[in-house]
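Report on the structure
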Amino acid sequence: MTKTIAILGAGAWGTTLANLARANDHQVRLWSRQGDLSLEDVVKNAEIVLSAISMKGVQDVALSVKSCQISPQTIFVTATKGLDAKTTRTPSQIWQTEFPDHSVVVLSGPNLSEEISQGLPAATVVASKNTAAAQVVQQVFSSGRFRVYTNSDPVGVELGGTLKNVMAIASGVCDGLHLGTNAKAALVTRGLTEIIRIGKVLGAKTETFYGLSGLGDLLATCNSPLSRNYQVGYQLASGKTLTEILASLPGTAEGVNTCQVLMQISQEQNITMPITEQVYRLLETQVTPKQALDELMLRDTKPEYHQ
Ligand SMILES: NC(=O)c1ccc[n+]([C@@H]2O[C@H](COP(=O)([O-])OP(=O)(O)OC[C@H]3O[C@@H](n4cnc5c(N)ncnc54)[C@H](O)[C@@H]3O)[C@@H](O)[C@H]2O)c1
Ligand SMILES: O=P(O)(O)OC[C@H](O)CO
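Thresholds applied
- Residues numbered from 1 in each chain as written.
- Chains lettered and ligands numbered in written order.
- Predicted model: local features only at pLDDT ≥ 70, side-chain atom pairs only at ≥ 80, totals over all residues.
- Heavy atoms only, no water.
- UniProt positions renumbered as here; feature names shortened; annotations may be inferred.
- Pairing = 2+ DSSP bridges.
- Helix = DSSP H or I, 4+ residues; strand = E, 2+ residues; numbered from the N terminus.
- Axes fitted to C-alpha atoms, helices over the stretch in contact; angles between N-to-C directions.
- Contact = heavy atoms within 4.5 Å.
- 1 Å grid on protein atoms, 1.4 Å probe; cavity = no way out; pocket = protein on both sides within 12 Å on 5 of 7 lines; lining within 4 Å.
- Points joined across faces, edges and corners; volume = space filled by probe spheres on them.
- Nonpolar A, V, L, I, M, F, W, Y, C, P; charged D, E, K, R; others polar.

Under an unreviewed UniProt entry, the protein chain has the name Glycerol-3-phosphate dehydrogenase [NAD(P)+] and belongs to Sphaerospermopsis aphanizomenoides LEGE 00250. The record held by UniProt for the protein chain lists under Pathway (unreviewed entry) the comment "Membrane lipid metabolism; glycerophospholipid metabolism." What UniProt states about the protein chain under its Sequence similarities (unreviewed entry) heading is, verbatim, "Belongs to the NAD-dependent glycerol-3-phosphate dehydrogenase family."

**As for the sheet that holds strand S7 (residues 146–151)**
The pairing of strands in a sheet comes from backbone hydrogen bonds and takes either a parallel or an antiparallel form. Pairing is mixed in the open sheet, where 7 strands are placed in the order S2-S1-S3-S4-S5-S6-S7. The open sheet has two edge strands, strand S2 (27–31) and S7, and neither has a second partner. Taken pair by pair, the neighbouring strands of this sheet meet at an average axis angle of 20 degrees, ignoring direction. The pairing of strand S6 (residues 122–127) with S7 spans 6 bridges and is classified as parallel. When the sheet's bridge partners are listed, Val 126 is paired in S7 with Thr 150. The strands that helix H7 (residues 154–176) touches are strand S4 (75–78), strand S5 (104–108), S6 and S7; relative to S5, the one it contacts most, it runs at about 35 degrees. Contacting S5, S6 and S7, helix H9 (residues 212–222) crosses the sheet at an angle of about 145 degrees to S6.

**Structural notes on the layout of surface pockets**
Space inside the largest pocket adds up to approximately 1,100 Å³. In terms of lining residues, the largest pocket is bounded by 39 residues, among which Ala 12, Ala 52, Ser 54, Arg 228 and Thr 252 are the most central. Contributing elements (two or more residues each) for the lining of the largest pocket: helix H1 (12–23), helix H3 (55–66), helix H5 (113–117), H7, H9 and helix H10 (228–237). No other element matches H3, which puts 5 residues into the lining of the largest pocket. Classifying every residue of the lining of the largest pocket by side-chain character gives 13 nonpolar, 17 polar and 9 charged. Size it by volume and the second largest pocket reaches roughly 710 Å³. Leu 187, Arg 190, Ile 275, Leu 296 and Met 297 are, among the 28 residues lining the second largest pocket, the residues nearest its centre. Listing elements by their share of the lining of the second largest pocket, those giving two or more residues are H7, helix H8 (181–201), helix H13 (274–283) and helix H14 (289–297). Tallying contributions element by element places H8 first for the lining of the second largest pocket, with 7 residues.

What follows is the structure, encoded as structure tokens:
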């Protein structure tokens, strides 16, 4: 059945998702700060409001939507991969706080927008505490080139997409320094261990991180020059400054902000995050890429798995 969908954020991801929904004959209205349509007009009577806004804009946009006319049945979908710098909350937690009586669905997976725009096949996950709402969103986006799975662990799905961005920066550094395939495999695998350690403390289920939104997105993002986060790491390894890299980067690299928020969480909750810590120190120019590598390689020896 045709749905009326408001998509907030007309960047790379919002535009790609709008095109997927339109290809399935849904009525899509796209909003951006620079566009001609007002937020009020875009969300009016929308059965689904999907946010693909960069993390830094989510709280303000959610508050603006709150002052618009929204039907009680409207489903909110969040496709942002980040953490709020002030509150450390995830985007879905922000939307749920502002709209406590509405269903909130997280959409996340190995989804490099440029490949999807080219019509290449991809899969994703829609996760919600409300299974029926996740199934509605599944139907909206499913097609022969975009396979959509449901999941009941929204925080886990969201954190998979968010935490891998930091590992993608580290992977870019690894490739930029030409450290080889063994090093990359070790980094991504230990990165997944670190993601699971953080995710469990933040309320996610371990098994979610072995799925598309966890391991799947980690593999895609850590291995593709199309990833903006990977590009940040790769170019840091080549000697560019973060300011220079961000000035020429097409779109948002959420891992830079996420890394700072994670360091705050690490200190507050006493979670060991060695890779995240080295990425943070690199972004803050406290270490060089080579020093960050040495710090990781020369940590105390220990068992692979421990509590
Ligand atoms: N591009 C991808 O391949 C991809 C895939 C999956 C998820 N994502 C996630 O989707 C989000 C958006 O990514 P993108 O690639 O579309 O980024 P982008 O930079 O291309 O677009 C970001 C959008 O957010 C808007 N925005 C930024 N700050 C805002 C603010 N303060 N108020 C209102 N609007 C604001 C911008 O105007 C733009 O429309 C990110 O969290 C990203 O991690 C991206
Ligand atoms: O370009 P990135 O690094 O934001 O990655 C895009 C998507 O998150 C990949 O799933």
